[in-house]
Amino acid sequence: MEAKPLDLPARADHAILWRNDRLYLLDQRVLPAAEAYLELQSAAATAAAITDMVVRGAPAIGITAAYGVVLAARQGYADAPSDWKTAMTPGLDRLARSRPTAVNLFWALERMQAKIDALGADDPAPALLAEAQAIHQQDLAANRAMGDLGARLIEARTAVITHCNAGALATGGYGTALGVIRSAWRDGLVERVYADETRPWLQGARLTAWELHKDGIPVSLLADAAAASRMAAGGVGWVIVGADRIAANGDVANKIGTYSLAVAARHHGVRFMVAAPTATIDPQTPAGADIPIETRDPGELLCCGGQRVAAAGVDAWNPVFDITPAALVDAIVTEKGVVMQPDAEKIAALLAG
Ligand code: MRU
């Protein structure tokens, strides 16, 4: 991956940019201390950027992978114009291996594959680029729609808690959970956002707080372990989070720590909302236990800011997502509508509608 200067100030809604026929990603590993775009020149480099967390968040991973398919096709057509579909296969395979949990990755790759299957012998890049851009724009539109739907569930002005980053940075723009929060703030329904710092990558401290602060939405950072105490102190009406995959029965995979938030919310009578596009719902996965949970390098926990904090020889367990059972979810908000108290029947009806 090579950093190329791009004459643009870093913006959360410009996390993924296609400019002058090139793919740029805002490097989320270094925000907010540095605001730098990386140019990705191949599908393999794009896949590595997803694995390495340059770009993260389920919808953003899917959109990025779609642009990665364009890069794979462009290279395949340059290498083997008469057999570009075969030539691009390694790039597609590498993209599919980049991260396992967010189903939006596989959803986007399947949608791009359907386009590939329909193309003939001509240069595939223009048609595939149009499809990737449609995926990008449709995600932004979905976020705006679910933002408004989710905001309507908030009956009275309240503080809310969010976890990880489910904002513009994690999507095509506006955000899923932060989209709901943005719409609710616009409507005078949000007093303050408590953002869990989200160990160990600190998506809440580094990304969510950056996004909300830039928008002038009052935000206070919470140590993850402080969320239950914050609920007990009162004044928090909703926990609002995103999702990496929602199983057919309504179980939700999201950033590690979401499950404990949901348990604490139920205990304290705080309501629990999951905002996610229908692309995040995986009807092929019956229940949460069937969702593949990514486990990352123990070093992410054993070190902090590049410094080892645990004694040499100590091991760590580092699953980066967990499953919140549907029974702990009050509302799933999608661009197609809201499912209250989700179950398999209601999810199937939503997808059929
Ligand atoms: O590991 P990450 O940063 O990719 O995890 C992201 C999350 O868990 C988000 O909450 C989820 O993808 C929803 S993003 C709109």
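Further up the page is the structure itself.
Residues numbered from 1 in each chain as written. Predicted model: local features only at pLDDT ≥ 70, side-chain atom pairs only at ≥ 80, totals over all residues. Heavy atoms only, no water.

Draft legend 1. Looking closely at unusual backbone geometry. With omega at -5 degrees, the peptide bond leading from leucine 31 into proline 32 counts as cis. With respect to the helices and strands, proline 32 occurs in the loop between β3 (22-26) and β4 (37-40). The peptide bond linking arginine 199 to proline 200 adopts the cis configuration, its omega dihedral lying at 0 degrees. Topologically, proline 200 is positioned in the loop between β6 (190-196) and α8 (203-214). Look at asparagine 20: it is not a glycine, yet its phi comes out positive at around 50 degrees. On the secondary structure map, asparagine 20 appears in the loop between β2 (16-19) and β3. (Helix = DSSP H or I, 4+ residues; strand = E, 2+ residues; numbered from the N terminus.)

Draft legend 2. Fine view of α8. The end-to-end C-alpha separation of α8 is 16 Å, in line with the 16 Å expected for twelve residues at 1.5 Å each. Within α8, nine of the twelve residues are buried, which leaves the element mostly enclosed by the surrounding structure. Those residues of α8 that fall on the buried side of the exposure criterion are Gln203, Gly204, Arg206, Leu207, Thr208, Ala209, Trp210, Glu211 and Leu212. Those residues of α8 hidden inside the fold are in contact with β3, β5 (158-162), α7 (177-186), β6, β7 (219-222) and β10 (252-255). A positive phi of about 75 degrees marks glycine 216, the residue just after α8. (Expected span 1.5 Å × (residues − 1). Buried < 20%, exposed > 50% of the residue type's maximum accessible area, 1.4 Å probe, protein only. Contact = heavy atoms within 4.5 Å.)

Draft legend 3. Representation of the environment of arginine 22 within the structure. Along the chain, arginine 22 falls in strand β3. We classify arginine 22 as partly exposed; its relative accessible area is 35%. Distance from arginine 22 to aspartate 139, taken between C-alpha atoms, is 20 Å for residues 117 residues apart in sequence. Apart from residues lying up to four places away in sequence, arginine 22 is in contact with Leu17, Glu39 and Gln41.

Draft legend 4. Examining the sheet that holds strand β8 (residues 236-241) more closely. With mixed pairing, the seven strands of this open sheet are ordered in space as β7-β6-β5-β8-β11-β16-β17. In this open sheet, the two edge strands, each paired with only one partner strand, are β7 and β17 (337-340). Across the sheet, the axes of successive neighbouring strands diverge by a mean angle of 25 degrees, strand direction being ignored. Relative to β17, strand β16 (residues 331-334) runs antiparallel, the two sharing four bridges. The residue bridging threonine 334 from the neighbouring strand is glycine 337, located in β17. (Pairing = 2+ DSSP bridges. Axes fitted to C-alpha atoms, helices over the stretch in contact; angles between N-to-C directions.)

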